[in-house]
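# Tertiary structure, described
As a plain string of letters, each chain reads:
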Amino acid sequence: MKKKYNILIIQPIGSFSGSLKSLENYIKHIYKKYNFIFLTQRGFSANILNKYGKVYKSFGIPKFDNTLNSHYSGIRWLLLIREFFFIPFAVYNLLRIKYSIKNLDLIHLNEITGIPTAIIAKFIFDKPLIVHVRSLNNLKKKLTSKIFLKILYRFADKILVIDKEVLKTLRPKKKCEIVRNILDIKIKNSKLSLNSEYLYVGYIGTFLKYKGVEKLIEAVEDLVRKNYKIKLILAGSTLKRNTFFSKIFEILNLENNIDTKILNKKYIINLGFIKNINKFYKKIHILCFPSSLNAAGRQIFEAGFFSKPVIICLKKNSDTFINNFNGIAYKNFNSVNQLQKSIIHFYKNKKLINTMGINGRKMAIKNHSKNFNIKKMTSIYNNLINNVHHSIKK
């Protein structure tokens, strides 16, 4: 019988996140081929990952954030105090894993912000490290970015990126390989009638300020006031944090969760957190992704699979979004007016909903093939592990 490789996956975010969703879409297909061991922060992630392997829950996972959207600047540098505080908890759990799992073969960090924990794991286990990069890296702070990338390339044996836009922010591009996110769900494409009295605009994801939820609500509220017949369908929730750190974040004005009181509007239908996204997509005409990330998140290709066009805050076309092809882009995150114009364009030209929706589906099928990307991921796992085994034999 062929030996199963032991793979440690570090999921640094304990709450529900896009990185967790993307990870689960992969491991549900391959967990019978490998022995997965998970290290994550206490919370939602642990409950999900428990289905696929042994989970070690840490009070905290130390991180370092050099992403374009939320890199450290000004008062945000104080967040590093929390990360240093979390180090002993991560070390303790990594040592527990070391003494429980005698022969670990590979370490996979599922989100680059968890790089401090991954480096500690690399020292403890001395095994190949895969780092998954799902966000644009910040290149504006040249010295910080230069040091960060030097550390990344020093310790990572393979760097996985989700698309070409993320790849562009990693310099040099050595050790990098594109493995795209996939969608693993039986899609029920029940089209919402374009003859409906209302235009149904949707948002799915965490209710965070930088995701543009407040801007979207402001834009729709003003349009409703001007007698546009629009309903806003929301699916998601705020992030659940440790109470102590939440209070500190509020004091320092670093809290990213929106005030949920603003969701109590007549034109808003809040579905809350949903497991089956079919329930969300069957209720909307268009998806809105008004994030300040300046990136096409996984919601963009998800919407494509459901033949829904998107409105996105994006400065340049990407390999998953082309302006006026599978949706409409606007450039200024703070401009409610630009967002409104994009919504009105679909409101007055409803035939575009079908046309752009079909285009989005073609793009999603082309780029996010489930079988192709799963084979690519397992091939990377096996090659890295086999290379180590062959070198040991020599």
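All of the points below concern the structure found in this document. (Residues numbered from 1 in each chain as written. Predicted model: local features only at pLDDT ≥ 70, side-chain atom pairs only at ≥ 80, totals over all residues. Heavy atoms only, no water.)

### As for the pairing of strand β6 (residues 158-161)
Residues Lys158 and Leu160 of β6 are buried on one face, and the alternating residues Ile159 and Val161, pointing to the opposite face, are buried as well. Bridge analysis of strand β5 (residues 129-133) against β6 gives four bridges, and the strand direction is parallel. Each residue of the ladder has a partner; that of Val133, found in β6, is Val161. In this region the chain leaves β5, passes through helix α5 (residues 142-155) and returns to the parallel neighbour β6; the handedness of that crossover is right-handed. Where β6 and strand β7 (residues 176-178) come together, three bridges link them in parallel fashion. If you follow Leu160 over to β7, its bridge partner there is Glu177. (Buried < 20%, exposed > 50% of the residue type's maximum accessible area, 1.4 Å probe, protein only. Helix = DSSP H or I, 4+ residues; strand = E, 2+ residues; numbered from the N terminus. Pairing = 2+ DSSP bridges. Right-handed = clockwise from strand over helix to strand, strands pointing away.)

### Some thoughts on the sheet that holds strand β2 (residues 34-41)
Read from one edge of the open sheet, seven strands run β3-β2-β1-β4-β5-β6-β7, paired in parallel fashion. The open sheet has two edge strands with one neighbour each: β3 (53-58) and β7. On average, each strand axis in the sheet is inclined to that of its neighbour by 20 degrees, with strand direction left out of account. When strand β1 (residues 5-11) meets β2, the two strands line up parallel, connected through seven bridges. Across the sheet, the residue bridging to Gln11 is Thr40, located in β2. (Axes fitted to C-alpha atoms, helices over the stretch in contact; angles between N-to-C directions.)

### With respect to the environment of Ile284
Within the secondary structure, Ile284 sits in the loop between α9 (278-281) and β11 (286-289). Residue Ile284 is classed as buried on the basis of its relative accessible area, which comes to 0%. Placed 50 residues apart in sequence, Ile284 and Leu234 show a C-alpha to C-alpha distance of 9.8 Å. Aside from chain neighbours lying at most four places away, what touches Ile284 is Leu192, Tyr200, Val201, Gly202, Ile233 and Lys308. (Contact = heavy atoms within 4.5 Å.)

### Let's talk about the state of the cysteines
As used here, a disulfide is simply a covalent bond connecting the sulfur atoms of two cysteines. Applying the stated criterion across every chain, the model contains zero disulfides. Of all cysteine sulfurs, the one in Cys288 lies closest to Cys313, which takes part in no disulfide; the gap is 9.6 Å. (Disulfide = S-S within 2.5 Å.)

### With respect to the pattern of salt bridges
Taken as a whole, this structure holds 15 salt bridges when the rule is applied. Put simply, Glu221 and Arg225 hold a salt bridge, and the shortest N to O gap is 3.6 Å. Of this pair, Glu221 and Arg225 both sit in helix α7 (residues 213-225), four residues apart, which is roughly one turn of that helix. Among the residues examined, Glu221 registers a relative accessible area of 24% and is labelled partly exposed. Residues joined by salt bridges that share partners form a network here, namely Glu221, Asp222, Arg225, Lys226 and Lys265. (Salt bridge = Lys/Arg side-chain N within 4 Å of Asp/Glu carboxyl O.)

### Regarding the packing of helix α10 (residues 298-305) against helix α12 (residues 351-367)
Look at α10 against α12: their axes get within 7 Å of each other, and the N-to-C directions meet at 110 degrees. In terms of their interaxial angle, α10 and α12 are classed as roughly perpendicular. Along this stretch, α10 crosses α12, giving a crossing that reads as left-handed. In this structure, α10 contributes Phe301, Gly304 and Phe305 to the contact, and α12 contributes Gly357, Gly360, Arg361, Ala364 and Ile365. For the contact of α10 with α12, a count of residues per class yields four nonpolar, three polar and one charged. (Parallel < 35°, antiparallel > 145°, perpendicular 65-115°, else oblique. Left-handed = near helix turned anticlockwise from the far one by under 90°. Nonpolar A, V, L, I, M, F, W, Y, C, P; charged D, E, K, R; others polar.)

### Digging into a positive patch on the surface
Among the surface-exposed residues, Lys186, Lys188, Lys279, Lys282 and Lys283 lie close enough to one another that they form a single positively charged patch. Relative to the helices and strands, Lys188 is located in the loop between β7 and β8 (199-204). The exposed category is assigned to Lys188, whose relative accessible area is 55%. (Patch = residues over 30% accessible without salt bridge, like charges linked within 9 Å, V, L, I, M, F, W, Y side chains within 5 Å. Areas by Shrake-Rupley, 256 points an atom, 1.4 Å probe, with all protein chains shown as cover. Lys, Arg positive; Asp, Glu negative; His and termini not counted. Charge placed at Lys NZ, Arg CZ, Asp CG, Glu CD.)

### Re a nonpolar patch on the surface
On the surface, Ile75, Leu78 and Ile81 cluster together into a nonpolar patch covering about 280 Å² of accessible area. Relative to the elements of secondary structure, Ile75 occurs in the loop between β3 and α3 (79-100).

### Quick look at the packing of aromatic side chains
Evaluated as defined, the whole model comprises 22 aromatic pairs. When the ring of Phe85 is compared with that of Phe86, the centres are 6.0 Å apart and the planes differ by 50 degrees; the resulting orientation is tilted. Residue classification places Phe86 among the buried positions, given a relative accessible area of 3%. Pairing Tyr228 with Tyr347 gives two aromatic rings, centres 5.1 Å apart and planes at 80 degrees, and the pair type is edge-to-face. (Phe/Tyr/Trp six-rings, centres within 6.5 Å; stacked < 30°, edge-to-face > 60°.)

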